[in-house]
Amino acid sequence: MQASFLFNHGHHSIFTAILNGLSIGSVYAIFALGYTLVFSILGIINFAHGAIFTLGAYFSYTLTGGAFGFNGLLANASLPIHLPFLFALVLGSILAGIASVIVERLAFRPLRKRGADPLLTLVSSLGAAVVIVNVIQYLVGSEIYTFPSDIYGRLPASINFGTVERPIAIRTVQIVIFSVSALIVSILTYFINFTRFGKALQAVSEDAITASLLGINTEKFITFTFFLSGFLAGLAGTLVGSSVSIAGPYFGIAFGLKGLGVIVLGGLGNIPGAVLGGLVIGLAEAFVPADYSGYKEAIAFALLFMMLLVRPQGLLGRSVIQKV
Amino acid sequence: MSQPLLEIKNLSVNYGAIEALQDINLVVHEGEIVTLIGANGAGKSTTLKAISRLVNSAWGQILYDGREVTRLPPHQVVQLGIAHSPEGRRVLSQQTVLANLELGAYTRSDRLGIKADIEHQFLTFPRLAERRNQLAGTLSGGEQQMLAIARAVLSRPRLLLLDEPSLGLAPQIVQEIFSVIRHLRQSGTTILLVEQNANLALRTADRVYILEAGRLTLTSAAVELLRDERVRKAYLG
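Definitions and cut-offs
- Residues numbered from 1 in each chain as written.
- Chains lettered and ligands numbered in written order.
- Predicted model: local features only at pLDDT ≥ 70, side-chain atom pairs only at ≥ 80, totals over all residues.
- Heavy atoms only, no water.
- Helix = DSSP H or I, 4+ residues; strand = E, 2+ residues; numbered from the N terminus.
- Rg over C-alpha atoms; globule rule 2.2 N^0.38 Å.
- Buried < 20%, exposed > 50% of the residue type's maximum accessible area, 1.4 Å probe, protein only.
- Areas by Shrake-Rupley, 256 points an atom, 1.4 Å probe, with all protein chains shown as cover.
- Lys, Arg positive; Asp, Glu negative; His and termini not counted.
- Charge placed at Lys NZ, Arg CZ, Asp CG, Glu CD.
- Contact = heavy atoms within 4.5 Å.
- Pairing = 2+ DSSP bridges.
- Phe/Tyr/Trp six-rings, centres within 6.5 Å; stacked < 30°, edge-to-face > 60°.
- Lys NZ or Arg CZ within 6 Å of the ring centre and 35° of its normal.
- Buried area = accessible area lost by both parts, 1.4 Å probe.
- Salt bridge = Lys/Arg side-chain N within 4 Å of Asp/Glu carboxyl O.
- Polar contact = N/O pair within 3.5 Å; in protein donor to acceptor, adjacent residues only side chain to side chain.
- Nonpolar A, V, L, I, M, F, W, Y, C, P; charged D, E, K, R; others polar.
- pLDDT = per-residue confidence, 0-100.

**Looking at the overall build of chain B**
The number of helices and strands found in chain B is 10 helices and 10 strands. Taking 18 Å as the expected radius of gyration for a compact globule of 237 residues, we find that chain B reaches 17 Å, a close match to that expectation. Across its three principal directions, the C-alpha atoms of chain B cover 45 × 40 × 40 Å. The burial tally for chain B puts 54% of its 237 residues in the buried class. For chain B, the exposed area adds up to about 10400 Å²; of that, 49% sits on carbon and sulfur atoms. Charge separation in chain B, taken as the distance between the mean sites of 26 positive and 23 negative side-chain charges, equals 2 Å.

**Some points on the side chain of Thr218 of chain A**
Residues and elements named next belong to chain A. Here Thr218 is to be found in helix α9 (residues 218-243). With a relative accessible area of 16%, Thr218 lands in the buried category. Ignoring sequence-local partners within four residues, the contact set of Thr218 consists of Val204, Ala208, Ala211 and Ser212.

**Remarks on the pairing of strand β9 (residues 207-212) of chain B**
All names here are of chain B. Burial analysis of β9 places five of its six residues in the buried class, the great majority of the element. Judged from the five bridges that link them, strand β3 (residues 33-38) and β9 form a sheet pairing that is parallel. Directly across from Val34, in β9, lies its bridge partner Arg207. Alignment of β9 against strand β10 (residues 215-221), held across six bridges, turns out to be antiparallel. Each bridged residue has a counterpart across the sheet, and for Glu212 the counterpart in β10 is Arg215.

**Looking at the packing of aromatic side chains**
For the coordinates displayed, the defined rule picks out 19 aromatic pairs over all chains. Measuring from ring centre to ring centre gives 5.0 Å for Phe31 of chain A and Phe255 of chain A, while their planes differ by 75°; the resulting arrangement is edge-to-face. On the criterion of sequence distance, the pair formed by Phe31 of chain A in helix α2 (residues 11-42) and Phe255 of chain A in helix α10 (residues 251-266) is long-range, its members being 224 residues apart. Taken individually, Phe31 of chain A and Phe255 of chain A each receive the classification buried, so the pair is uniform in this respect. Relative to Tyr145 of chain A, the ring of Phe68 of chain A has its centre 5.7 Å away and its plane inclined at 80°; by these criteria the two rings are edge-to-face. On the criterion of sequence distance, the pair formed by Phe68 of chain A in the loop between α3 (49-63) and α4 (85-113) and Tyr145 of chain A in the loop between α5 (118-140) and β1 (158-160) is long-range, its members being 77 residues apart. Taken together, Tyr28, Phe31, Tyr35, Phe53, Phe251 and Phe255 of chain A form an aromatic cluster joined through their ring pairs. Just above the ring of Tyr106 of chain B sits the side chain of Arg196 of chain A; from NZ or CZ to the centre is 4.2 Å.

**What about the interface of chain A and chain B?**
On the side of chain B, 22 residues touch chain A, which itself brings 19 residues to the contact. Summed over both partners, the interface of chain A with chain B buries about 1900 Å², with 56% contributed by carbon and sulfur atoms. Interface area lost by chain A to chain B is led by Glu206, Leu213 and Leu214 of chain A, which between them contribute 35%. The interface formed by chain A and chain B includes two salt bridges. Our enumeration of links across chain A and chain B arrives at seven residue pairs in polar contact (both at pLDDT 80 or more). Sorting elements by how many residues they give to the side of chain A that touches chain B places helix α7 (residues 196-206) of chain A first, with six residues. Split by residue class, the side of chain A that touches chain B holds eight nonpolar, six polar and five charged.

**So, the confidence of the model for chain A**
Residues and elements named next belong to chain A. Residues of chain A with pLDDT of at least 70 account for 94%, and the chain-wide mean is 87. Taken as a whole, residues 1-9 scores under 50 in pLDDT and shows five contacts with residues more than four places along the chain or in a different chain. For the stretch residues 319-324, pLDDT sits under 50, and the model shows 20 contacts to residues farther than four places along the chain or on other chains.

Spelled out as structure tokens, the structure:
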């Protein structure tokens, strides 16, 4: 049945679906990495992650010189600068990282200092998400914002991987998304596994008390982890926003749920798992026929549900939480 | 005598309503092995945790090399030269033996010195050398204890806190570990040793403190205590 479904698509559309799947899957991956980093350090799901994703998209949009609509406090305002897209992407993501550190200071740290139940922190992170979404709405309204169509300068809108007779056109934005995500995943993998800093991060993640006995400043690593997590969310938000559009302040909420699905699929707290989970869900969605694209998410989550019946610890998870 | 390396003054620690330590006074001089013995739950581990700042002391002062460390975060205590091989060994089970040792030297930046010291630890504990690329979680209890001590030593501490290094280990391995402890002292490391095996502790240490239910009840030279009938009955069996 699977085979006939694929054949009906024809060869070139299989190729297109795979590339599209890898592209969106790689964004899921970097977004989910942000979740998984915080989870592996604190054992808590940061529900503000989706809101930081949204925030990052708005930051980058603003930095490219994008104007706001008719609603909200900042109606019709825009920055006098027009940064090239890639600069805006990096700077917007850095700002998202800083926002994430602020969320840590306000919603996580005070509870951690009091030794509060992780469930309480989960609720306070949810509160932070609501605040961020509402502030965005207050400032810029809930309109849909679209990045300018010329964000990649002279690059064409799509590139043909096939022949003139049988074109396999892939949008440039998909290629950019995949390249940026692949680059980030590679850097992060190297950084976590092969540097002194990365090994210390793993130590904090496995056992924060022991890490502190080795002279590691655990609070500094927690701050850094939140920055990195927010940076990844900002990157993902900007990339998705530039590929489709920024669909209002609630933009990140559905994406956030999917990100949760990705880390559960890959194995909670597992870094390669987050990447694999992202690619699997992205590919699964890409193979949903266009007629049924409204059910894409349902299909992705159904897949997740079925997988968890077989492997409750996730694709790469062990029965206990495994780090990196 | 000169200024002690470690001086604990009137230290009390509470766990909620439970008083774990009451008004402890303790001194460790440079070059000594001092042991802290007592029954389970007497507050031995808590004393070490208070020094490395894993628990908050309610009252009192901890002076290291004349400097107050009572309010420092744990990682700064390590930077000052106090290493702690903790209760239950706490090796990083998902990292290799080598990575555990490298993290032991986290506070240092002398790459060559660290490398040489790690090789030195591998000579001291050949079992660790054989397993250098194995995950620490796969080691036996004795090997994990060796790793915990080697890792603590790699920060080049002036003061080494050892929590129950003999716990649950075969007698032969205990002998091996205690001979390493004596060697460490010879090479200039000051040691505060918490032990349940009082006999072994007294034969290794210069001086001894006895903790009973959170209070220090006796302090003496280790040799004298070995001869003391009362102590022999209570602790040495």
